Amino acid sequence: MNRTLLIIKPDATKRNLAGAILKQIIDEGFTIVGMKMLWLNKEQGGEFYKIHKGKDFYDWLVNFISSGPIVVCCLKSPNAPKKLREVVGATDPKKAAQGTVRNLYGTSVGENVVHAAAPDEDPQREISFFFTEKELFEY
Ligand code: CMP
């Protein structure tokens, strides 16, 4: 068992999709270890996505992620980071496999409804960005 981070992005919360997306992910075998709804400011959004600084879509991305409320979840399952990436599908909804979250709900490469921590980019950094250890519950 290990942990990963999911963000349900502003395009999804605005369309009231948070429940449907969470149900789909939980049905795939994930347990919620921590969850909160919040609205990032641009500074926080820029810090979270700093790995993309310098890319042509960075300013757009920072504006987008701070354009409305998000739901952040720390999730647990066997092989969680890799498995969550499979369940959400490719970044571009047009390329995402049939039935994945982004295939079902994403509308563009930017407005792709969810973020899932990259397995090779330290999911714990992303978990710690949003949660203290006291806000995570395993029993
Ligand atoms: P995410 O998995 O959160 O990681 C970085 C985000 O940047 C990505 O999902 C998209 O929301 C966004 N993104 C990636 N590529 C592009 C692109 N070519 N144009 C606009 N946004 C992008």
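Scroll up to find the structure this text is about.
Remember, predicted model here, so these are calculated numbers, not experimental data. (Residues numbered from 1 in each chain as written. Predicted model: local features only at pLDDT ≥ 70, side-chain atom pairs only at ≥ 80, totals over all residues. Heavy atoms only, no water.)

Peer 1: Looking at this structure, how should I read the nonpolar core?
Peer 2: The nonpolar side chains of soluble globular proteins are, as a tendency, buried together. One finds L6, I8, I21, I25, L84, V101 and V114 to be the most contacted residues of the largest nonpolar core, which totals 21 residues. Those elements giving two or more residues to this core turn out to be β1 (2–8), α2 (18–27), β3 (70–77), α5 (80–88), α6 (101–105) and β4 (114–116). The next biggest cluster of nonpolar side chains, apart from the first, holds 19 residues, and it includes L40, F64, F130 and F131. (Core = buried A, V, L, I, M, F, W, Y, C linked by side-chain atoms within 4.5 Å. Buried < 20%, exposed > 50% of the residue type's maximum accessible area, 1.4 Å probe, protein only. Helix = DSSP H or I, 4+ residues; strand = E, 2+ residues; numbered from the N terminus.)

Peer 1: Quick question: what am I supposed to make of the pairing of β1 here?
Peer 2: Each regular strand displays side chains that alternate between the two surfaces of the sheet. Among the seven residues of β1, six are classified as buried, and the element is accordingly described as predominantly covered. Pairing of β1 with β3 involves seven bridges; the strand directions are antiparallel. Bridged to I8 within β3 is V71. Note: β1 against β4, three bridges, orientation antiparallel. Paired with I7 across the bridge in β4 is H115. (Pairing = 2+ DSSP bridges.)

Peer 1: Got a minute to help me understand the pattern of salt bridges in this structure?
Peer 2: It is possible for side chains bearing opposite charge to pair when their charged atoms get close. Counted by the stated rule, this structure contains seven salt bridges. A salt bridge links D27 to K23; the shortest N-O distance between them is 2.6 Å. You can see D27 and its partner K23 sitting in helix α2, four residues apart, about one turn around the helix. Note on accessibility: D27 and K23 belong to one class, exposed. (Salt bridge = Lys/Arg side-chain N within 4 Å of Asp/Glu carboxyl O.)

Peer 1: Help me understand the site of the ligand in this model?
Peer 2: By nearness alone, every residue bordering the ligand is listed as K9, Y49, H52, F57, W60, L61, T91, R102, V109, G110, N112 and H115. Interatomic distance of 2.6 Å between a side-chain N/O atom of Y49 and an oxygen atom of the ligand. Within the side chain of R102, a nitrogen or oxygen atom sits 3.0 Å from an oxygen atom of the ligand. Bound to the protein, the ligand loses 80% of the 450 Å² it would expose on its own. (Near = heavy atom within 4 Å. Polar contact = N/O pair within 3.5 Å; in protein donor to acceptor, adjacent residues only side chain to side chain. Areas by Shrake-Rupley, 256 points an atom, 1.4 Å probe, with all protein chains shown as cover.)

Peer 1: I'm lost on the packing of aromatic side chains in this one. Help?
Peer 2: Where two aromatic rings form a pair, the distance of their centres and the angle of their planes describe that pair. Scanning the entire structure with this criterion turns up five aromatic pairs. Ring centres of F48 and F129 lie 5.3 Å apart, and the angle between their planes is 65°; on these two criteria the pair is classed as edge-to-face. Placement of the pair is F48 in helix α3 (residues 42–48) and F129 in helix α7 (residues 123–130), with a sequence separation of 81 residues. A residue is classified by how much of its surface remains accessible, and F48, at 1% relative accessible area, is buried. The interplanar angle of 70° and the centroid separation of 4.9 Å between the aromatic rings of F129 and F130 together place this pair among those described as edge-to-face. With a relative accessible area of 26%, F129 lands in the partly exposed category. Following the ring pairs from residue to residue traces out a cluster consisting of F48, Y49, F129 and F130. Against the face of F30 rests K83, its NZ or CZ located 5.3 Å from the ring centre. (Phe/Tyr/Trp six-rings, centres within 6.5 Å; stacked < 30°, edge-to-face > 60°. Lys NZ or Arg CZ within 6 Å of the ring centre and 35° of its normal.)

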